[in-house]
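Next come the chains, spelled out residue by residue.
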Amino acid sequence: MMASSYNAKEEDGHIAAASTHGGAPGVVKSKKPDNTAFKQQRLPAWQPILTAGTVLPAFFVIGLIFIPIGIGLFVSSNNIKEFEIDYTGVDINNPCYSCAKNFSWNNTTPCLCSLPFTLEQPFESNVFMYYGLSNFYQNHRRYVKSRDDSQLNGDRSALKSPSKECEPYRTSEGAPIAPCGAIANSLFNDTLELYHIDINGTRNEIPLVKKGIAWWTDKHVKFRNPGGNDNLTVAFQGTSKPVNWRKPVTELDPADPDNNGFINEDFIVWMRTAALPTFRKLYRIIQKKPNTTPTLPSGKYVLEITYNYPVLSFDGRKRMILSTISWMGGKNPFLGIAYITVGSICFFLGVVLLIIHHKYDTRNTSADIPS
Amino acid sequence: MARETAEEPGSAETAKVKRQRKEKTKENKTRTVHANILYEKAKGEENPNRLYADNKIKTTKYTLLSFLPKNLFEQFHRFANVYFVFIALLNFVPVVKAFQPELALAPVVFILSVTAIKDLWEDYRRHRSDKEINHMDCLVYGRVERRYVEQYWKDVRVGDFIRLRCNEILPADVLLLSSSDPDRLAHIETATLDGETNLKQRQVLRCFYDLDCDFDPMKYRSTIECEKPNNDLNRFRGYIIHRNGRRDALYKENLLLRGCTIRNTEEAVGIVIYAGHETKAMLNNNGPRYKRSKLERQMNVDVFWCVIILLVMCLFTAVGHGLWMFQYGDKRPVFDVLSPEGTDLSPIMSATYLFLTMIIVFQVLIPISLFVSIEIVKICQVYFIHQDMDLYDEETDSHLQCRALNITEDLGQMQYIFSDKTGTLTENKMVFRRCTVAGVEYSHDANAKRLAMYQEVDSEEEECTSHGGTLPRRDSVSSQQSARVVLRSHSTKSHRRTGSRAEAKRASILSKHTAFSSPMEKDITPDPQLLDKVNECSSQMDFMRFHSQPMSTLPSELSDVIDFFIALTICNTVVVSSPNQPRQKVRVRFELKSPVKTIEDFIKRFTPSRLTSSGSNNSSSSSLITSRSSNRGGCSSFLSSPSADSTLTKLDEEQRGPPGSLEQAFSPVQPPPPPPCYDGKASSLEEGELRYEAESPDEAALVYAARAYKCSLVGRLPDQVTVELPHLGKLSFELLHTLGFDSTRKRMSVVVRHPLTDQITVYTKGADSAIMDLIKPPDTGNSKGKRQKKIVSRTQNYLNLYAADGLRTLCIAKKILSKEQYACWLQHHLQAETAIQGREELLFESALRLETNLQLLGATGIEDRLQDGVPETIESLRKAGLQIWVLTGDKQETAVNVAYACKLLDPEEEILTLNADSQEACALLLEESLHYIQVKFLCSSSSPSADPATSAQAFHTDYAPPFELYHPSHSSSSSSSSYAPPFTVHRLGLVIDGRTLAYALDKSLEEKFLLVARSCRAVLCCRSTPLQKSMVVKLVRNKLKVMTLAIGDGANDVSMIQVADVGVGISGQEGMQAVMASDFALPRFSYLQKLLLVHGHWCYSRLANMILFFFYKNAMFVALIFWYQFYCGFSGSAMIDQWYLIFFNLMFSAFPQLITGTLDKDVSAETLQQLPQLYMNGQNSEEYKPYMFWMNMMDAFYQSLVCFFIPYFAYADSDVDLFTWGTPITTLALFTILVHLGIETKTWTWMNWLSITFSISLFFTVALCYNASCPTCYSPSNPYWTVQRLLQDPLFYLLCVLTPLAALLPRYFYRACQGTLFPSPVQVGRRLDKLPAETRRNILSLGRVKVGSPPPPALSPKTPFLSVNKPSPPGCNTSKEQRSFPSPRSHTHKQGQSSPAQGPTDSDKGLSDPYTSAPSDIDTLPYTKDAPKLSGEKSKDSACPDQTLEASELSLSSWITSTPLLTQTDSVQINLPPDGHSACVTYSRSTEDRPERSLHTAL
């Protein structure tokens, strides 16, 4: 505010005079505002004016960029091979119909059904095997909350007394449930096996890799077994299994200690709640063969299902999906189409603006190009 | 009064101060003050004064302990805060809980703490300034020390004796008991209280008056009874009870108020009556006002709508959830988790809980940060307004003050301006212009030239000032001031007690200047003729005195001249001071004499006449005082009897005066002593340094005028006035009485004894109406009487002339009283003076008795110059669509003339004058004028003017085209049923006087009055009282539902300023009351232009856009979650992490919009000022109309649909998890919102770029940190490593490009189309901004040609209509031609249109009338769309007049001048009156393609 703090480039000659005439220079502060661009609101600025003429190029440029991108996306999405089969057993002809009908959570004898299908085209490179659920609201507010991350992270105190969020799946018969909560309780427990039927009719089991399906950070950071991976039974002593589970958490994959307990990858994948009621979750990976033969050659296949998971009660569907992936993920033509559409609309609007511009906007162009 | 008993704890430290003794007679209505000194040894409880507040002031609101509860309590007065706290608390209920309760509390706590910190800081500042004030020093009499000791202000108690020295500030309200001044006076300056810089006299209490020695507090035994503390600065009543039981009354003249400064008085002693918070100054100190702006009111409506939308959305979700649950029946699916207790919830219960949950989830829809953001933006706006150099007045070193912080945007929406005249439109610098003496007019041509020159100098200076230059003519002033600055520097500190710092500073700087003493007012060039006469006269008188001839032999004309100037000099209350000794009273005292008090005194004193002159004892004040105090030496007696007066006086005289002087005093004729500074040079040198402190500028002007004729006032004492006359030297007039000015009498008189003639003479000065009636009817019998008669009639003539020139007129008259008459009158007068009851009335009557049968001496014309730039400001404000009403207390003629001068009224337009004597007459008048208006302007189609000549004639006399057909935003401002049909504003002026106004404001007539008034272009209310002013404002504001601004500078404008939506005070010369009451204080009227047109416009459009954007932003964000409810079973789940959800508004998207809301400029300041029409944008609330809210909501929903469904389809049926899917949506929403803001941002400075970059990087930084910080925290989302993975996903980037684009495509396209097809006026202005500076200047100067600058010669018309018409000044016609120039159609039709009516109008107008152009502009309006095309052709084939201007620029310029800045183009056509002139206009329009014919018809 003082005259001395004046912006030097702005007429300082006058300022010196201004500060002296006040009476006692340097003592009496002039209240004269600083003549700076900021304080006088004269900051240099770009002032775009939106008119047909000025906006026009933007529309064309967007159109020209978007349409090729869209086409590229569309093509790459179309190159992805995907196969999907519903094994819910709603239809009476479905081999799994009986399993679906006679279901209860407490069945001890597993219900098995097998579903034959044919792949028209061979699947190259790694094939991802998903199970898909429909109408399953994994994103329900109370469902999403119903977990205890500390417990899953191997925290012993949380193991003994899980978070209140897990209610009503917090304790069972006096013992804390491990893992607690509704998400864990409703773990997808169908087992899927895939057999290739070669020309002779023999069934070759296709090796399914069950590790590497979860996020690396989930597997190694977020989920941990209490007390490390050795001797899980001791670690989980004093806890009870979730109500709907048939076997305790320590027996999810008894063969592989690195895939057992909380760090079981199927479990981890399930615990990552899906965003939408129709979703798929990665189940297994079929690794590419080292030789040139396709991972899944075209031909007949049989899907063997251990049918444990009831979905009919809420009108859900279960699917098995085989898919290859590209750099942009799974098969989804939408994005390509969207790009093409938006690009075309832009182009069209650009034309409209061009017409408007030519009809009504002559003076602006002349005004914009000052002589 | 609650304070009465409040005992400050801090008073304990009041060490030496005494509060003792019992006597607990504590009446309810009065306060009793005893001297503390009496109770030294007793206990504190016994001091009767202990119950009164001490002098420690505490303006802070909080203490450390009370801060938190009190501040929270205050904040919860705001409904929004309660709402947000309620929602945050709702989160603690487990069933409905949506977020982590602690997290949900965060934003509310944040908002509350921001406000709390702000309050705390403000309070701390107050605390600091309190402390500073509390620790100032003053002298308090200590009983122990038996002398005055220094104490802090805070330790001063009621009942203390304090000694005040010159230039000291009063620490409390003090009753004056003694003064070193020989007249027992103390002078105070009240600038900090009311801003008046002239000195005011305060009198020592009568009973202590006679005391001629130092006041001894130890001897004081009286008690004071007075009223309880109140805030009336002008009232103080009470009495003092002496020990002997005698009572003496106390008046406000005895009271010195806290905050005032002692001047001219070496020492004064008083007793503290009110201290600290009970002082009148503190009680007057009100906090800033809280007003709610129109925009905010509108916003609150939309907030209400938001609440409804919120409830609807919640209800919808709740019902959806109920149905969703219902469809599963009894079989609960695994994902429908039971309640924590394991019980099953029925769908209905579940839906109910969900409803509450959804309120929490959707709470963002009611923008919590909106209120805070608005406050921040407004503070920034206020800051920028403060910083504007154009609103800074170099002369007073003051800039605009915003006193109300929250109505800046109202400045952009004003529709009516109510202005005071004097001091607001005019400078309130009264300049003597001309006079008439004894029927002879002295035109003072040289003086007029001088004034004209000042005007020029002013305008040059204006340029200098804008560059921060110094004013050449102030150099002399500043050199005089330097001494004073030092003297006062210490006093400036304390000013802030009564007002803000800024005000105090301002006041202190103001006080450097003597009021009413600018060089322009001081340096009057005398009329040579009159000067000769004065010289002649005085030399004759000198001669006569020398030869002891009776003065009556003087020719009557000459004696009138000298009397006239003597009257000018002494008939006032001007105090003389010398600048070297700041405010030191100049004392030329000849003898000690008080005004006549008793008859005996009169008889005693009216012994042979005395003639005194300057020679022997023009001792200076200081020597006098020393001699006096030496006299006092031995005197220590306490005298209080009035009879002692005369004896003492005599004693004093004898002691002091040398024998010669005594002789001199009583000898009838004196040889003229050789005056030391007799000749003109020397005396003028001396005089030049005298300063006149006048209460009113008129008085000062007259005294300065008289001084120019060498009749200078050199000293004034209560009983004597000293005047220096040429040849005669110093004459002292014994002042017998002063009958002060009052507004009912409208005059003032002094009764003096003329030293030369020894006659008792009454000089009266007053308004012409008041004086002329009192003139003695001349006796036509003798020559003298005839002469008198002639003088009266001539003077009356000149008075009329003066009034017509807009001068303020005053008549000067005198009356010679014989001793008998005087004695007779005196008797009555003394009775009146001593009367207990009805003293005022008696004195008034007494004055009336005296002021009769006057002899007219002459009259003066004083010019109250218009402030710089007033006509231009009014013109451009009016162009901006503002209705300007002037409400003044001045008389009709003066007011009308000033109105003409400032272009408020137009000589072209007709003026309706309403002067009525009764209610009925007023009703009739209103009825008639209403009818008249209707006939004239609406249905006078019957008289199509056949003859151009007559029509031109008609136009001249009483006929004007409709002025402006724009009707202020009724559509927007009054959605109520009171919507009136659009009314037109005609070229009519309405003048109404106060009496008629009183009738018109009656309930029964106010509607009609409004109807008449609002169809007039200008309204002038004269002779209106402050109350009427406020009633008019209230009436217009309430009935017309318009935004009103009142501007004024004086105390009489305060009520009007308070009533209006926005009150503006001019911090001019008339004090601070108006400023104190105002929302904005301006140094000059002309600054109003920039304040309204630029800052008002900006503030409004910025804030309106920001509010709209806020609504959009929140709706858009919330709608994302709403759409998600369809995919999560209406469970209230949110895919957006709760952290993002809660901080999105508060952090991620907050800064860019704050920057835009603070800095965005839709149009540059220059263009806004040059195209005032752009202001209508705000008047009509164009930026924020109710439908815009809904449009924005629709857009928000569309955009959120895009932002939701593009990711939805992109991730449909994939293995994406909830938050990996939600995070891109958040990002997209952020991008969309920012780009949306970008589209709406008009100016991009580096701050905008920075803020947007900052926002985005903040979001990603926070997201990355948050997602990497803790793998197990942040239940339930637990977004560990989500963003990190997303950033590796090409799909994310593809979405980020596509979605914002798709979402904003419609808006962008719409904006582009709008910019081309139907640009708003503002966009036109912006386009103008875009042009390079030179081109723009050219175009605007083109537009300005109509404001009277000479047109480029090439543009001179070659059209035939010139030959048809009277020759017109080229300026106007060319301007006209130029306006119409680019359109070939107008080329011809203008001829037709202008020939009969327009041409002459223009020619008569000569200069610069913007309104002439209005009709022509209007009638071209409908063609605006095709104007460019036409102009293109035109510029091609016509001789392009200005080669520097390309066709495009021309077309643009045409487009600007004729653009439909008035948005309601249609109403323009409808409202055109079908009378002759405009019929032609209409016709030319309808026959656009057949110009020949229109020309034909018109001719």
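Each remark here, short or long, concerns the structure printed above.
For the structure given in this document, a descriptive report is provided here.

### Observations concerning the sheet that holds strand β1 (residues 30–33) of chain B
All names here are of chain B. One open sheet accounts for 4 strands, arranged β1-β8-β9-β10; its pairing is antiparallel. The two strands at the open ends of the sheet, each matched to only one other strand, are β1 and β10 (247–250). Each adjacent strand pair in this sheet contributes to an overall mean axis angle of 20°, direction not counted. As paired elements, strand β8 (residues 223–227) and strand β9 (residues 238–241) share 4 bridges and run antiparallel to each other. Among the inter-strand pairings, glutamate 225 is bridged to a residue of β9, identified as tyrosine 239.

### Things to note about the state of the cysteines
Residues and elements named next belong to chain A. On inspection of all chains with the given rule, the structure shows 4 disulfides over all chains. Paired through a disulfide, cysteine 99 and cysteine 111 show a sulfur-sulfur distance of 1.6 Å. What sets the handedness of the cysteine 99 and cysteine 111 disulfide is the S-S torsion sign, and at about -85° it is left-handed. Note that cysteine 99 is positioned in helix α3 (residues 97–101) and cysteine 111 in strand β2 (residues 111–119), a separation of 12 residues in sequence.

### Looking at a nonpolar patch on the surface
Residue and element names in this part refer to chain B. A contiguous nonpolar surface patch, about 530 Å² in accessible area, is contributed by Val301, Phe304, Trp305, Ile308, Val312 and Trp1190. No other element matches helix α7 (residues 294–328), which puts 5 residues into the nonpolar patch. For tryptophan 1190, the location among the structural elements is in helix α41 (residues 1186–1210). Given a relative accessible area of 34%, tryptophan 1190 falls into the partly exposed group.

### Looking at the packing of aromatic side chains
Two aromatic rings are characterised by how far apart their centres lie and by the angle between their planes. The tally for this structure, following the rule as stated, stands at 82 aromatic pairs over all chains. Aromatic pair tyrosine 383 of chain B and phenylalanine 384 of chain B: ring centres 5.5 Å apart, planes at 65°, arrangement edge-to-face. On the basis of relative accessibility, which here comes to 33%, the residue tyrosine 383 of chain B falls in the partly exposed class. Classification of phenylalanine 384 of chain B by relative accessible area gives buried; the value is 3%. Positioned over the ring face of tryptophan 215 of chain A is arginine 272 of chain A, at 3.5 Å from the centre of the ring. In this arrangement the basic side chain of arginine 125 of chain B is found over the ring face of tryptophan 121 of chain B, its NZ or CZ atom lying 4.9 Å from the centre.

### Some remarks on the sheet that holds strand β1 (residues 82–86) of chain A
Residues and elements named next belong to chain A. The strand order across the open sheet built from 4 strands is β1-β10-β3-β8, with neighbouring strands paired in antiparallel fashion. Two strands bound the open sheet, and with one partner strand each, they are β1 and β8 (279–286). Strand after strand, the sheet turns through a mean of 20° between neighbouring axes, direction not considered. Bridge count between β1 and strand β10 (residues 317–323): 5 bridges; the pairing is antiparallel. Considered in β10, the bridge of isoleucine 85 is made with methionine 320.

### Brief notes about the pattern of salt bridges
All names here are of chain B. Going through the model one piece at a time under the given rule, you end up with 46 salt bridges over all chains. The salt bridge involving glutamate 296 is made with lysine 378; its shortest N-O contact spans 2.5 Å. Of the two residues, glutamate 296 is situated in helix α7 and lysine 378 in helix α9 (residues 368–387); the sequence distance between them amounts to 82 residues. Across this residue pair, the class does not change: glutamate 296 and lysine 378 are buried. The residue arginine 1084 makes a salt bridge to aspartate 393 at a minimum N-O spacing of 3.1 Å. On the criterion of sequence distance, the pair formed by arginine 1084 in the loop between β36 (1080–1082) and α36 (1087–1125) and aspartate 393 in strand β14 (residues 392–393) is long-range, its members being 691 residues apart.

Rules used throughout
- Residues numbered from 1 in each chain as written.
- Chains lettered and ligands numbered in written order.
- Predicted model: local features only at pLDDT ≥ 70, side-chain atom pairs only at ≥ 80, totals over all residues.
- Heavy atoms only, no water.
- Pairing = 2+ DSSP bridges.
- Helix = DSSP H or I, 4+ residues; strand = E, 2+ residues; numbered from the N terminus.
- Axes fitted to C-alpha atoms, helices over the stretch in contact; angles between N-to-C directions.
- Disulfide = S-S within 2.5 Å.
- Patch = residues over 30% accessible without salt bridge, like charges linked within 9 Å, V, L, I, M, F, W, Y side chains within 5 Å.
- Areas by Shrake-Rupley, 256 points an atom, 1.4 Å probe, with all protein chains shown as cover.
- Salt bridge = Lys/Arg side-chain N within 4 Å of Asp/Glu carboxyl O.
- Buried < 20%, exposed > 50% of the residue type's maximum accessible area, 1.4 Å probe, protein only.
- Phe/Tyr/Trp six-rings, centres within 6.5 Å; stacked < 30°, edge-to-face > 60°.
- Lys NZ or Arg CZ within 6 Å of the ring centre and 35° of its normal.

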